[in-house]
Amino acid sequence: MSILQRIWVHLRVLASAKRNRGDLAARLVRRPQLLVAQGTYETSLLLMGRMPAHLKTLATAKAAMVVSCEFCLDIGAALARTEGVPKEKLVALLEPDGNPALDADEQLVVAFAAAISASPAVVPDELRSRLEARFTGAQLTELAAEVAWENQRARLNQALGIRPAGFSDGAFCLIAQG
């Protein structure tokens, strides 16, 4: 998926909110510096294209599951569907280890996302070695930034009480891993 396609997917999904549309913006507008910073970082993530988009999408979905952010689960499932990630892969995120619905790269990035989304965030040496053997430094940095930002989003949303917006109403939605 090209960078422009990914931006278009995000815009389409954001426009599909059925409720609580302005919750986060209403909070962030009170601190314009944070609103600009959030927007800048979100944009920079969308403009990076070294790591395949579907791997980043699966990794951020797993992060949202680990930290139990309802808004992130709602929008994450909608983004994944719109990007063409099959439902079977999303379901596999519940038990990814050895799951035949996920290929080796997908299992690797999901394990990484789970590791850095846990508290404390610890990436075992064996997992880091496998990641470094498979992905370039630029790809791994992009993936780490994407998952770390999902954790930031989730914790900010939870702290501010940001509610699901109905992106996944009537469709498969991710569930918290608890």
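Scroll up to find the structure this text is about.
As a starting point, this report considers the structure included with it. (Residues numbered from 1 in each chain as written. Predicted model: local features only at pLDDT ≥ 70, side-chain atom pairs only at ≥ 80, totals over all residues. Heavy atoms only, no water.)

### Overview of the overall build of the protein
When helices and strands are tallied, the protein shows nine helices and zero strands. When the elements of the protein are put in sequence order from the N terminus, they spell out α-α-α-α-α-α-α-α-α. Computed over C-alpha atoms, the radius of gyration of the protein comes to 15 Å, within 12% of the 16 Å expected from 2.2 N^0.38 for 178 residues, which places it in the range of a compact globule. In terms of overall dimensions, the protein has C-alpha extents of about 45 × 35 × 35 Å along its principal axes. Counting every position in the protein, which comprises 178 residues, the buried fraction comes to 43%. (Helix = DSSP H or I, 4+ residues; strand = E, 2+ residues; numbered from the N terminus. Rg over C-alpha atoms; globule rule 2.2 N^0.38 Å. Buried < 20%, exposed > 50% of the residue type's maximum accessible area, 1.4 Å probe, protein only.)

### Description of the packing of helix H7 (residues 104-117) against helix H9 (residues 137-160)
Between H7 and H9, whose axes approach to 10 Å, the crossing angle comes to 45°. As far as their axial angle goes, H9 and H7 are oblique. In this structure, H7 meets H9 at a crossing whose hand is right-handed. When H7 is examined against H9, the residues Val109, Phe112, Ala113, Ile116 and Ser117 are found in contact with a partner set consisting of Leu143, Ala144, Val147, Ala148, Asn151 and Arg155. For the contact of H7 with H9, a count of residues per class yields eight nonpolar, two polar and one charged. (Axes fitted to C-alpha atoms, helices over the stretch in contact; angles between N-to-C directions. Parallel < 35°, antiparallel > 145°, perpendicular 65-115°, else oblique. Left-handed = near helix turned anticlockwise from the far one by under 90°. Contact = heavy atoms within 4.5 Å. Nonpolar A, V, L, I, M, F, W, Y, C, P; charged D, E, K, R; others polar.)

### Quick notes on unusual backbone geometry
With an omega of 0°, the peptide bond running from Ser119 to Pro120 counts as cis. Note that Pro120 resides in the loop between H7 and helix H8 (125-134). Non-glycine residue Asn20 carries a positive phi angle of around 50°. Inspection of the secondary structure puts Asn20 in the loop between helix H1 (3-15) and helix H2 (23-28).

### Considering the packing of aromatic side chains
With the rule as written, the count across this model stands at two aromatic pairs. For the ring pair Tyr41 and Trp149, a centre distance of 4.2 Å and an interplane angle of 35° mean the geometry is tilted. Highlighted residues: Tyr41 in helix H3 (residues 32-46) and Trp149 in helix H9, separated in sequence by 108 residues. With a centroid separation of 5.7 Å and an interplanar angle of 80°, the aromatic rings of Phe71 and Phe167 are classed as edge-to-face. (Phe/Tyr/Trp six-rings, centres within 6.5 Å; stacked < 30°, edge-to-face > 60°.)

### What about the side chain of Thr60?
Examined against the element boundaries, Thr60 turns out to sit in helix H4 (residues 53-67). Among the residues examined, Thr60 registers a relative accessible area of 13% and is labelled buried. At a separation of 3.1 Å, a polar atom in the side chain of Thr60 contacts the main-chain carbonyl oxygen of Thr57. Setting aside residues no more than four positions away along its own chain, Thr60 makes contact with Glu146, Val147 and Glu150. (Polar contact = N/O pair within 3.5 Å; in protein donor to acceptor, adjacent residues only side chain to side chain.)

### Some remarks on the pattern of salt bridges
Counting across every chain of the model gives eleven salt bridges. Two residues, Glu106 and Lys89, come together in a salt bridge whose shortest N-O distance is 2.8 Å. On the criterion of sequence distance, the pair formed by Glu106 in helix H7 and Lys89 in helix H6 (residues 87-92) is long-range, its members being 17 residues apart. Taken as a pair, Glu106 and Lys89 share a single burial class, namely buried. The partner of Asp105 in a salt bridge is Arg134, with the nearest N and O atoms 2.7 Å apart. Taken together, the residues Asp105 in helix H7 and Arg134 in helix H8 connect sequence positions 29 residues apart. (Salt bridge = Lys/Arg side-chain N within 4 Å of Asp/Glu carboxyl O.)

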